[in-house]
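Here's the letter readout for the chains.
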Amino acid sequence: RQKLRLLGLTDEQINRLTETGEESYSLAIYSPYRGYLYEASALAPAKSASAQADPGQAASGAQVALSIREGMYVSRGQTVFKVVNTDRVWAEFTIYPHAASYIEKGDSLVISPDFDPEWKVGAAVDFLQPFFQEGERFSKARVHLGNTKGRFLPGQLVTAHFQNRTDSVWWIPSVSVLDLGERKVVFRKENEVFSPVPVTTGRVSGTWTEVVSGLSATDTIACDGRYMSDSEGFIKTKQ
C-alpha cells in the first residue's frame, strides 16, 4: 500500500484494488497540486506589455495544448507535463523611458484587468529590471499578485496606474506645451501679450505635464500652445 501511495495512487484507488482483488492495468494518477497543465518543453516566460495606460500580462508561462494523449506510451522517469500553481502570479509592465526614472521598488499602483475595468487591485512594485533587452528601449516593472480565487489567468492583459505624490511641482495641460524639438515652450501672458518662454518638463500623467522649471505659480499661460505659434513656425524666446 505504501509503495502504491508513493507512486501517486489515492487511498480510494488502493481500497478499490483490495476490495475487488483484480489487477488494474489502467488507472488515473492525480497530482497533489492544482493549477494549469503545461508541456514540460513549453514552459517559457510570458511576454510583457506597457505600463501606465498600457496593458501588461498577469502570467506565469505561455499556455499551449498538450501533445500527450490517452493511450500513449511513456518511459520511466519521463516528465509528461508540469502543473503550474497560479495561486500567486506576476504581472509585468513596460515603462516608457520618460517615466522610468520616477518609479522605484515599493511604489504603489492600481491594477485593473481588461476583462473587468471596474475591478481595482492595489499592489506594489516588487522588481525593476536593471537593463534593456535587445531591440527594446523600455524598462520593465514586475508586480506579484495573490490569486487564490483564480481570477487572474496566464496571458491576460491588465492595466496599471502608478501613484506618486507631486506636491512640490507644477502641472499644466499637455496641450499648453509646444515641443520645438530641441526645447519646449509655453506662452506666458506679459502685459496683455502672450510671449513664448522655455520650460523644462518632467513626467506626463494623462493630459497633464509636469513643469520642472520655467514657470511660477503666479504666471498665466495660454491653454493651447499650438494656436499661439506664428505662421512661419519659428519661435523666438527670451534668453
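What you see is a predicted model, and the numbers here were worked out from it, not measured in a lab.

A. Expanded view of the side chain of Asp107. Secondary-structure assignment places Asp107 in the loop between α3 (97–100) and β6 (108–113). By relative accessible area, Asp107 is classed as buried at 15%.

B. Just the packing of aromatic side chains, in detail. Taken as a whole, this structure holds two aromatic pairs when the rule is applied. Summarising the aromatic geometry, the rings of Phe115 and Trp119 are spaced 6.3 Å apart at their centres and angled 50° between planes, so their arrangement reads as tilted. Judged by centre distance (5.2 Å) and plane angle (25°), the ring pair of Trp119 and Phe152 falls under stacked. Linking Trp119 in the loop between β6 and β7 (121–124) with Phe152 in the loop between β9 (139–146) and β10 (156–162), this pair joins segments that are 33 residues apart in sequence. Taking relative accessible area as the criterion, Phe152 reaches 3% and is therefore assigned buried. Each residue in the set Phe115, Trp119 and Phe152 is aromatic and connected to the rest through ring pairs, giving one cluster. The ring of Trp90 has Arg142 sitting right over it, with the charged end atom 4.7 Å from the ring centre. Directly above the ring of Trp119 sits Arg151, whose terminal nitrogen or CZ lies 3.7 Å from the centroid.

About the thresholds
Residues numbered from 1 in each chain as written. Predicted model: local features only at pLDDT ≥ 70, side-chain atom pairs only at ≥ 80, totals over all residues. Heavy atoms only, no water. Helix = DSSP H or I, 4+ residues; strand = E, 2+ residues; numbered from the N terminus. Buried < 20%, exposed > 50% of the residue type's maximum accessible area, 1.4 Å probe, protein only. Phe/Tyr/Trp six-rings, centres within 6.5 Å; stacked < 30°, edge-to-face > 60°. Lys NZ or Arg CZ within 6 Å of the ring centre and 35° of its normal.

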